[in-house]
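Secondary and tertiary structure notes
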Amino acid sequence: MREVRVRFAPSPTGPLHIGGVRTALYNYLFARKMGGKFILRIEDTDQVRFVQGAEQYIIDSLSWCGISFDEGVHVGGPHAPYRQSERKDLYRQYADQLVESGKAYYAFDTPEQLDSLRKEYELRKETFQYGPSTRMVLSNSLTLPVDQVKALIGSGTHFVIRVKIPDNEIITVNDLIRGTVSVESSLLDDKVLFKSDGMPTYHLANVVDDYLMKVSHVIRGEEWLPSAPLHVLLYRFLDWEDAMPAFAHLPLLLKPDGNGKLSKRDGDRLGFPVFPLQWTDPKTKEVSSGYRESGYIPEAFLNMLALLGWHLESDQELFSLDELVEAFSIDRCSKSGAKFDPEKARWFNHHYLSAKPAAILAGYLIPVLKENGIDAGRDYVEKVCDLVRERIVLIPDLWEQSWFFFNDPISFDEKVAAKIWKKETPQLLEDYIDILKRTEPFTSVNIETVSKQFVKDKGIGMGQLMTPFRLTVVGTNAGPGMFDMASIIGKDTIISRIKSGITKINT
RNA sequence: GGCCGGUUCGUCUAACGGUUAGGACGCCAGGUUUUCAUCCUGGUAAUAGGGGUUCGAUUCCCCUACCGGCUACCA
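Residues numbered from 1 in each chain as written. Chains lettered and ligands numbered in written order. Predicted model: local features only at pLDDT ≥ 70, side-chain atom pairs only at ≥ 80, totals over all residues. Heavy atoms only, no water.

Some remarks on the pattern of salt bridges
Note the threshold: Within this document, salt bridges are pairs made up of a side-chain nitrogen of Lys or Arg and a carboxyl oxygen of Asp or Glu, the two lying within 4 Å of each other. Numbering of helices and strands starts at the N terminus; helices are DSSP runs of H or I of at least 4 residues and strands are runs of E of at least 2.
Scanning all chains against the criterion turns up 34 salt bridges. Taking the shortest distance from any N to any O, the salt bridge between arginine 124 and glutamate 126 comes out at 3.8 Å. Of the charged contacts in the structure, one is a salt bridge between lysine 491 and glutamate 440, with a shortest N-O distance of 2.8 Å. Of this pair, lysine 491 sits in helix α21 (residues 491-506) while glutamate 440 sits in the loop between α17 (425-437) and α18 (444-458), and the two are 51 residues apart along the sequence. It is possible to trace a salt-bridge network through shared partners that takes in Arg7, Arg41, Glu43, Arg87, Asp209 and Asp210.

This is the structure in structure tokens:
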């Protein structure tokens, strides 16, 4: 069996969105699983849509995910360069070869001419197709005399090279996910292979590079399925059929509600990122949020993406990247599009984040503390993290759930106060302070013991003490257990907060 | 419009032609708890419709409907 070589081949036309990340992930998993190579090729043949910084964004995004490459623009390799714009000179010879063998031809029609032709057809409720039925009445090397063609090209007239699609032939694509897909050749257009700006189109560049880079499997999005027959034809025309890669067309990622392809708009509308990393549009300066900046961690992000279109027969849904590599296979990929579920993404993040060691969590929290001018000891921060870990979905929640370990509350929830703050509460808390003062050492169990005795002596329920206590310490009725919290915050601070709370809430 | 692909709980999905159609997220209820979360237990909920084939279709075939993609000198 031939060596497995797969590639992720994005266009640097903007930020990579999560569908692209999933395509990259599946390619990566397949390469690793099969002991093959994974290539990053940049398909920057469209000079108009090229966006500055997009390539670096793609590299950074996948690197954040932990997806690594064996060859590519950023790491080099035996088939360098890996940027199609730098391989520009390569493609023309293959296009010419196709012309010479009668499989392609030069065409001189201008975009304007073709546009007006399309409009004419549309008026008649027909669809214009540059193909077997029309090519003989258009301006190309099939209709023009050889001398004139040479003269036109020699004089620098703009031309494109179009594939000459055969008439009445069934072309079949074998897809690893969808089985055999057949199409009648005359339904394909005489697609442009080589543009007038000297660049190849996707179709040509893709086939040439996959051949040259010895790509064994093309795993890409479903939007390519309609042009796959053309690619098959190109391999045949170039006499590379023996080396043709296997194809696998992945289902698309759809918007969570309604219908259609997932887009940036959906993320904005529904409040979730569609990009792995934050992206600033170089032209409009518009900033789009990313999973990283929103506080997701890579293992959760990848696990979530992996399951959007792939599943084992077993019920297992939790996978590390290594486990994914071990478990992955193309034949377990599904055929239908998957609606993206931001809630499930959050759940995965909560799952992985809350299982992190305190040292890691502290590493996330300390920079936030610094931003807030807080310089707490590492040991203290780790203790806090251990206490709040279960309540965390996204990294910023760490601060949201723990700020009161570092700062006194500045306000007190009025609704809670109205409900539980009674006339006798201040005196109750004063008495409680006396008890706390005498509690030594000030540990969670000791505080619990004295508190239980205290409410017993007072003949009240635990809640009658704890809720006001909590209100003075945290400012509201949420947070970890009071005994653990109090022991970590420390006796002096706790007592001063209770006192402060009594005066502030009373007024 | 044409071509291609798709269709199992709200969502992601599992199920050699024979299962009480399973799991996860969400939601609901109960439990744990000093609060809010977490966590635990339970519940809710699906084979798009119609024809075939078959002793028996979620599973195979056909039709319809719906959804998606493609239909550029964009990828």
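Remarks on the pairing of strand β6 (residues 170-175)
On a regular strand, each side chain points to the face opposite its neighbour's, so the side chains alternate between the two faces of the sheet. Let me state the cut-off plainly: We call a residue buried when its accessible area falls under 20% of the maximum for its residue type, exposed when it is over 50%, and partly exposed in between, using a 1.4 Å probe and counting protein chains only. Two strands form a pair only when DSSP identifies at least two bridges running between them.
Side chains Ile171, Val173 and Asp175 of β6 all project onto a buried face; the interleaved residues Ile170, Thr172 and Asn174 project onto a face where none is buried. Here six bridges tie β6 to strand β7 (residues 179-184), and the two strands are oriented antiparallel to one another. Bridge pairing in β7 links asparagine 174 to threonine 180.

A look at the protein's contact with RNA strand B
Our working definition: Residue proximity to a molecule or strand is established when one non-hydrogen atom of the residue lies within 4 Å of it. The definition of a polar contact used here is a pair of N or O atoms within 3.5 Å, where within protein one atom must be able to donate a hydrogen and the other to accept one, and adjacent residues in sequence count solely through side-chain atom pairs.
Neighbouring RNA strand B are 64 residues; Arg178, Lys195, Glu390, Arg391 and Asn477 lie closest to it. Counting only atoms of RNA strand B within 4 Å of the protein, the sugar-phosphate share comes to 68%. Glycine 309 places a polar main-chain atom, nitrogen or oxygen, 3.1 Å from a phosphate oxygen of RNA strand B. For RNA strand B, a sugar or linking oxygen lies 3.3 Å from a polar atom in the side chain of histidine 311. Of all the elements in the fold, those that place two or more residues in the surface near RNA strand B are α4 (111-123), β5 (160-163), β7, β14 (338-339), α12 (342-354), α19 (462-474) and α20 (482-489).

Quick word on the environment of serine 133
With respect to the secondary-structure elements, serine 133 resides in the loop between α4 and α5 (146-154). Taking the C-alpha atoms as reference, serine 133 lies 9.2 Å from aspartate 167; in sequence the two are 34 residues apart.

Section: the nonpolar core
Cut-off, in case you're wondering: The set of buried Ala, Val, Leu, Ile, Met, Phe, Trp, Tyr and Cys residues whose side-chain atoms join them within 4.5 Å is what this entry labels a nonpolar core. Only heavy atoms enter the contact rule, under which two residues are in contact if any of them lie within 4.5 Å.
Grouped together as the largest cluster of nonpolar side chains are 153 residues, with contacts concentrated most on Trp310, Phe405 and Phe469. If one sorts the elements of this core by residue count, helix α1 (residues 18-33) sits on top with nine residues. Aside from chain neighbours lying at most four places away, what touches phenylalanine 469 is Leu429, Tyr432, Leu436, Met482, Ala486, Ile494 and Ile498. Of all hydrophobic cores here, the second largest spans nine residues; its members include Tyr105, Leu117, Tyr121 and Leu138.

Observations concerning helix α13 (residues 358-371)
How we decide: A helix is expected to span 1.5 Å for every residue after the first.
Here α13 contains 14 residues, and its C-alpha end-to-end distance of 20 Å stays within 8% of the 20 Å for a straight helix at 1.5 Å per residue. Within the span of α13, buried status applies to Ala358, Leu361, Ala362, Leu365, Ile366 and Leu369. Buried positions along α13 lie against α12, α14 (378-388) and α15 (395-400). Looking at the residues trailing α13, positive phi occurs at glycine 373, about 70 degrees.

Some points on the sheet that holds strand β8 (residues 192-194)
Under the convention used in this document: The angle between two axes is taken between their N-to-C directions and runs from 0 to 180 degrees, where each axis is a line fitted to C-alpha atoms and a helix contributes only its stretch in contact.
Reading across the sheet, the three strands line up as β4-β5-β8 and stay open at both edges, with antiparallel pairing between neighbours. With one partner strand each, in any of the chains shown, β4 (104-107) and β8 form the two edges of the open sheet. Neighbouring strand axes in the sheet, compared pairwise and without regard to direction, differ in orientation by 45 degrees on average. As defined by bridge partners, β4 adjoins β5 across four bridges and the pair is classed as antiparallel. Each bridged residue has a counterpart across the sheet, and for tyrosine 105 the counterpart in β5 is arginine 162. Where helix α3 (residues 88-100) meets the sheet, it contacts β4, β5 and β8, and its direction lies at approximately 105 degrees from that of β4.

Here we look at the domain arrangement of chain A
This is how it is decided: The split into domains, and so the bounds of each, comes from an automatic or database assignment of domains.
Assigned domains of chain A: these are domain 1 (5-73 + 204-254), domain 2 (89-194), domain 3 (264-352), domain 4 (356-403) and domain 5 (414-506). Relative to domain 5, the C-alpha centre of domain 3 lies at a distance of 43 Å.

Concerning the packing of α17 against α21
Operational definition: Working definition: roughly parallel below 35 degrees, roughly antiparallel above 145 degrees, roughly perpendicular at 65 to 115 degrees, and oblique for all remaining angles.
α21 packs onto α17 with a crossing angle of 170 degrees between their chain directions and a minimal axis gap of 10 Å. Between α17 and α21, the angle is such that the two are roughly antiparallel. Contacts between α17 and α21 pair Pro426, Leu429, Glu430, Tyr432, Ile433, Leu436 and Lys437 from the former with Lys491, Ile494, Ile495, Ile498, Lys499, Ile502 and Asn506 from the latter.

Description of helix α10 (residues 298-306)
Counting buried positions over the nine residues of α10 gives eight, a clear majority of the element. When α10 is considered as a whole, its buried residues turn out to be Pro298, Ala300, Phe301, Leu302, Asn303, Met304, Leu305 and Ala306.

Details of the state of the cysteines
To keep things clear, this is the line we draw: What counts as a disulfide here is a pair of cysteine sulfur atoms lying within 2.5 Å.
Under the criterion given, the structure shown has zero disulfides. Between cysteine 65, a free cysteine, and cysteine 333, which holds the nearest cysteine sulfur, the sulfur-to-sulfur gap is 17 Å. What makes cysteine 65 buried here is its relative accessible area of 3%.

Remarks on the pairing of strand β10 (residues 246-250)
Rules: Think of it like this: strands point away, you trace from the first strand over the helix to the second, and a clockwise trace means the crossover is right-handed.
Most of β10 is tucked away: four of the five residues are buried. As defined by bridge partners, strand β9 (residues 217-221) adjoins β10 across five bridges and the pair is classed as parallel. The partner of glycine 221 across the bridge, within β10, is leucine 250. Each parallel crossover has a hand, and the one from β9 via helix α7 (residues 228-237) to β10 is right-handed.

So, the layout of surface pockets
Formally: For cavity detection a 1 Å grid was placed over the protein atoms alone, and a set of points counts as a cavity when a 1.4 Å probe fits there but cannot get out; an open set counts as a pocket when protein lies on both sides within 12 Å along at least five of seven lines, with lining residues being those that have an atom within 4 Å of a point. Grid points are joined across faces, edges and corners, and a volume is the space filled by probe spheres set on the points.
For the largest pocket, the calculated volume is near 1,400 Å³. Contributing to the lining of the largest pocket are 49 residues, with Pro10, Ser11, Thr13, Arg49 and Glu223 lying nearest its centre. At the level of elements, β1 (5-8), α1, α6 (202-212) and β9 are the ones that each hand at least two residues to the lining of the largest pocket. Per element, the largest residue contribution to the lining of the largest pocket is five residues, and it comes from α1. Taken domain by domain, the lining of the largest pocket gets at least three of its residues from each of domain 1 (5-73 + 204-254) and domain 3 (264-352).

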